[in-house]
Amino acid sequence: MKTNANHQTLNRAILCMALGLAGAFLLINPLTPKIFTRQIDKFEMASRDLRMALRPPRKMNDNLIVIGFTDLDHFLYGEEIDSREAYQILLQTLRRWGAQAVLFDILFEHPKPMDSILALKLQEMPTYISYKFLGEAPPLEPLEKELTGGASQPSIQKQTLEDDRMQLLDGIDQMDNLSRERDGLIINPDESKAAELDRAIHLQKFKVNKYALNFFEKRWGMNKKRFDRLSPPAAPFAVLPSPLLFVSAGGVGFINVVKEGEEVVRRAPFFIKHKDRIYPHLDLVFLCDYYGVNFDELNILPDRIEFHPKKNASAPKKIPIDSTGKVLVNFREGDPFLKRNAYPLHQILHYAKFGEKAQSRIKPEVFKDAIILVGELNPGGSDMEPIPIAEAFPMVGLHAAIINMVLNDDYIRAAGKKAEAAITIALGILMGLLFFRLDYKKASLIAFVILAFYSAVAYFAFNGKSFFLPYARPAGTIVLSYIILIFYIVGIKERERRRVRNVFLKSVSPKIGEEILRNYDNEAIWGSKKNVTILFADIRGFTSLSEEIGAKELVDFLDVYYDTLSQIIFQYDGVVNKFMGDAVMAIFGAPLELTDAEFKALRTALDMQSAVADLNALPILVEKSKKIALGIGICSGDVVVGTVGRKKIRIEYTALGDTVNVAERLESNAPAGDIYINDAACKKIASSQNAFLKENNINFEPLPPMMVKGRAKPVSAWRVVGLKS
C-alpha cells in the first residue's frame, strides 16, 4: 500500500515537472513557429528598453560636444552650408579653440568647388568623415558604357597606398582641368568640342571613382580572414564622400545604424562586409586613433574586440560585441546630454564672426580638448531615430553614446542563449515542483512572488551592473507553466469536487457540505486520525416486519425511514456514513471538527427516538398493525477517518477503528427504545452542564461492564434516561 502511494506521488511529481517544463520548451524550442518567437524577441527587446528607460541617468563625458544643424542654421547660413564654407569656418574655429578631434556625421557625397580649401582644413587637425553602405548597388556599369561609348578603361595597377593616393589626386586634378576647359566653351561655344569634353569628363569621373575605391579598399578595408569567427552584415555598395575630402581626412568610417523591433536603434555595427573586405565604423576608426592602435592590432574575437592602448589609457580595452560584430549601446543620457552639450552651428559661426559680441552660450574654453561630433539636430529630421530612452534622438548623439561607453568602459553585457535556456528550464522545473509540493492557491501566490522577484533581479542587475538578464522567456515560462499547471490542477480538483458534490455531499447537511468544499484542499479532512463520536441506530424486529409487508411497501418505508433519520443527523451537523439494511451509521466531528460532537450525537439519538412515533403512524405500519422501535449506541474515541475510492468511481467517507466497533456493539445490546453510550462520551456530555440536560431531566444510568467482541477488557457504558415528553 505504501509502495503504491509512493509510486503515485512520484508519478505526480514527474507529471508536474513535465508540465512546468512544457512551458519552458514552448519558449526555447527552435521548432516553435517563427511568428511566436518573433513576438517573444520583441517582448525581450521591450523589456530591455524599459529597464534602460527606468535606470537613473548618469552624466556623460563633458568633453563630448555635439554641433548640429537645425532649420534656423539653414535659414541663416544656407549658402555657406551648401557650399561647405561653413565647415571650413567651423574647423578653423575649433582648431583655434583647441578641440581634440572632429567627427562628421555628414555625407559629403558630391564634389563642391570649395572642397580644395575644406580639404586643407581637414588636414590641419584630426578629422573623421563618414560614408554609408547601401543594401542595393546602382547600375553603374551600364551607365558608364553608355556615357563613355563603351570605351575600355585603363587598368589600375597594383601599387602602394601612397601611389594610390597620388593617383587619386592626379585624377581629381585632371577632372578639374577638364571641367575648367569645358566652362571656357560657354564664352566661345564649340558643340563638337563640348561633346568631346563631356565624354572625357564623364570618363574621368569613373576613373576617379575607381581610384577612390581602390584607395578606400587598401586604406580602410581589413582582411576578412581575421573575421572568420564573426558574421558581419554585408553591403554591395558604398556611397563614398567627395574624393578630395575622402583622401584628406584623418579617418573615414561608415555611419550605418541598425534598427531592430519597433524600429528602435539599440545596437551599432562595428563592421560591415563589402566585397572581400571588412570595413570599420566611424567611431571605431576614431577610437583606434585616440588610443594609438592600428587595425592590425585589434584582437577580434567572437564576443569582443580587445586591444592594448598606447596612449590615453593603460588598461586593456575589451569591447563586447555579438556574433555579427554589433555592439549594444549603453545610452546613459538622452535629451539632458543634448541640452547641456549640444550647440547649434549658427552659434559657432556667429562667435567666429563677431566674437563675444554674439549673444550665445558659447565659451571657447569648453571646446578645449573636446571631441566634437557634427551632425543633424533638427527635430523631425531624417537623422532622428527612436532609442530605448527617447522616442526621437539624433544619430549624431549615437556616436557620443558609443564613444562615452568605450572611454568609460561602461559596456552593456547580456546573458547568452545557453544561459537563457538554463534559466528558463530551471524556472520551468521550479514551477512544477511548486505545484507538486504546495496547494495550488499557495503555489499561485509563490509563483507571483517568483515572477516579481525575478523582475526585480533583472532590473537591479541592469541598474547596477549594466547586465541584461533574459526576461521574456524566463518570465514567459513562469506565466505559461503556471497556466498549464493551473489548468491541470484545477481540472483535477474540479473533477474530484464534482464527484464529492454528486456522491459524498449527499451524506451531509448542506451547511457541512459547503464547509467541506471550502476546505477541499486541506488534506487533513480527507485522511487523518481524529477524536469523533460514532452513532449506530437499528430497527428492532425489522426481520418480521419485512416478511409481512410487500417488497415495494418495504422500499417505500425504508425511504421514509432513511430520510427521517438523515434529516435529524444533518440537523446536528453529523455525517451519514452508511445505511446497512435497517441500520444507520453516523459520524460527528469528521471530516470537520465539532467541539460538542458528543452532545450533538446525543441530541440526534434523542430526536430519533422521538421520531419513532411519527414513523409508526405511517399507513403501511398502521395497516399491518405493526410498530417499530430503535436501539441506539453512541461511542466517542479516536478513529482513522478518510475517503475510500476518492479517485475511483465510488467515493465513500468512512471511519475505522475500535470506537466504531464499540458503537456498533452498544447499539446491538441496547433494548428497543434505549440509548447506550460509552464512558468517554458520557463524561464529556455530563461535564458540559448543558442547560438542555437539566431542562429535560436527562440522566445517565451505569450499566454492568459489557464484553465486546474483539476486546479483552469489558466496556463501561451508560443508559440515557429521563427525557421529558
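Conventions used here
Residues numbered from 1 in each chain as written. Predicted model: local features only at pLDDT ≥ 70, side-chain atom pairs only at ≥ 80, totals over all residues. Heavy atoms only, no water. Helix = DSSP H or I, 4+ residues; strand = E, 2+ residues; numbered from the N terminus. Buried < 20%, exposed > 50% of the residue type's maximum accessible area, 1.4 Å probe, protein only. Areas by Shrake-Rupley, 256 points an atom, 1.4 Å probe, with all protein chains shown as cover. Salt bridge = Lys/Arg side-chain N within 4 Å of Asp/Glu carboxyl O. Contact = heavy atoms within 4.5 Å. Core = buried A, V, L, I, M, F, W, Y, C linked by side-chain atoms within 4.5 Å. Phe/Tyr/Trp six-rings, centres within 6.5 Å; stacked < 30°, edge-to-face > 60°. Lys NZ or Arg CZ within 6 Å of the ring centre and 35° of its normal. Pairing = 2+ DSSP bridges. Axes fitted to C-alpha atoms, helices over the stretch in contact; angles between N-to-C directions. pLDDT = per-residue confidence, 0-100. Left-handed = near helix turned anticlockwise from the far one by under 90°. Nonpolar A, V, L, I, M, F, W, Y, C, P; charged D, E, K, R; others polar.

**Quick notes on the overall build of the protein**
Move 1: The number of helices and strands found in the protein is 24 helices and 28 strands.
Move 2: Taken across its 725 residues, the protein has 50% of its residues classed as buried.
Move 3: Surface accessibility of the protein: about 35,700 Å² in total, with carbon and sulfur atoms responsible for 55%.

**As for the pattern of salt bridges**
Move 1: As enumerated under the stated definition, the model contains 32 salt bridges in all.
Move 2: With a shortest N-O distance of 3.2 Å, Arg267 and Asp322 are connected by a salt bridge. Here Arg267, found in strand S8 (residues 265-269), pairs with Asp322, found in the loop between strand S13 (317-320) and strand S14 (326-328); they are 55 residues apart in sequence, far enough to count as distant.
Move 3: Here Arg267 falls in the buried class, since its relative accessible area comes to 16%.

**With respect to the environment of Leu338**
Move 1: Along the chain, the position of Leu338 falls in helix H11 (residues 335-341).
Move 2: Accessibility expressed as a relative area gives 14% for Leu338, which makes it buried.
Move 3: As for Leu338 and Ile65, which are separated by 273 residues in sequence, their C-alpha atoms are 8.6 Å apart.
Move 4: The contact partners of Leu338, leaving out residues within four places of it in the chain, are Leu377, Phe393 and Pro394.

**Remarks on the nonpolar core**
Move 1: If you look at the biggest cluster of nonpolar residues, it comprises 114 residues, and the most contacted ones within it are Ile67, Phe104, Phe271, Phe367 and Ile372.
Move 2: When residues no more than four places from it in sequence are discounted, the contact partners of Ile67 are Leu90, Leu94, Tyr343, Leu345, Ile348, Phe367, Ile372, Leu373, Val374 and Gly375.
Move 3: Ranked by size, the runner-up nonpolar core spans 48 residues in total, among them Ile539, Met608, Leu615 and Ala681.

**Side note on the packing of aromatic side chains**
Move 1: This structure, assessed with the given rule, holds 31 aromatic pairs.
Move 2: Taking 5.5 Å as the distance between ring centres and 65 degrees as the angle between the ring planes, the aromatic pair formed by Phe104 and Phe108 counts as edge-to-face. Each member of the pair, Phe104 as well as Phe108, carries the same accessibility label: buried.
Move 3: Among the aromatic residues, those joined into a cluster by ring pairs are Tyr131, Phe133, Phe215, Phe216, Phe246, Phe254 and Tyr279.
Move 4: Note that Arg219 overlies the ring of Trp220, its terminal NZ or CZ placed 3.8 Å from the centroid.
Move 5: Positioned above the aromatic ring of Phe692 is the side chain of Arg603, whose terminal nitrogen or guanidinium carbon lies 3.9 Å from the ring centre.

**Brief notes about the sheet that holds strand S12 (residues 304-307)**
Move 1: As summarised here, the arrangement of the three strands in space is S11-S12-S13, forming an open sheet in which the pairing is antiparallel. Each edge of the open sheet is held by one strand with a lone partner, namely strand S11 (299-300) and S13.
Move 2: Summarising the sheet, S12 and S13 pair through four bridges and their orientation is antiparallel. In the strand pairing of S13, Glu306 is matched with Lys318.

**As for the sheet that holds strand S4 (residues 222-223)**
Neighbouring strands of a sheet are bound in pairs by backbone hydrogen bonds; such pairs are parallel or else antiparallel.
Move 1: If you trace the three strands from one edge of the open sheet to the other, you get S4-S10-S9, paired in antiparallel fashion. Looking at the sheet topology across the chains shown, the edges are occupied by S4 and strand S9 (271-274).
Move 2: Sheet analysis places S4 next to strand S10 (residues 277-280), joined by two bridges and oriented antiparallel. What sits directly across from Met222, in S10, is Ile278.
Move 3: Most of the contacts of helix H8 (residues 191-220) go to S10, to which it runs at about 80 degrees, and overall it touches S4, S9 and S10.

**Focus: the confidence of the model for the protein**
Move 1: For the protein, per-residue confidence averages 86 on the pLDDT scale, and residues scoring 70 or more make up 89% of the total.
Move 2: pLDDT under 50 marks residues 150-156. Its contacts with residues more than four places away, or in other chains, come to 11 contacts.

**Considerations on the pairing of S12**
Move 1: Pairing of S11 with S12 involves two bridges; the strand directions are antiparallel. Residue pairing for S12: Asn299 is matched across the bridge by Glu306.

**Quick word on the packing of helix H10 (residues 282-290) against helix H13 (residues 395-407)**
In a pair of packed helices, the angle between the axes and the distance between the axes together describe the arrangement.
Move 1: Remark: H10 packs on H13, axes separated minimally by 10 Å, with the N-to-C direction vectors making an angle of 35 degrees. Here H10 runs over H13; the crossing is right-handed. Note on element contacts: H13 touches H10 through His399, Ile402, Ile403, Val406 and Leu407, opposite Leu282, Asp283, Phe286, Leu287 and Tyr290.
Move 2: The residue inventory of the contact of H10 with H13, partitioned by class, reads eight nonpolar, one polar and one charged.

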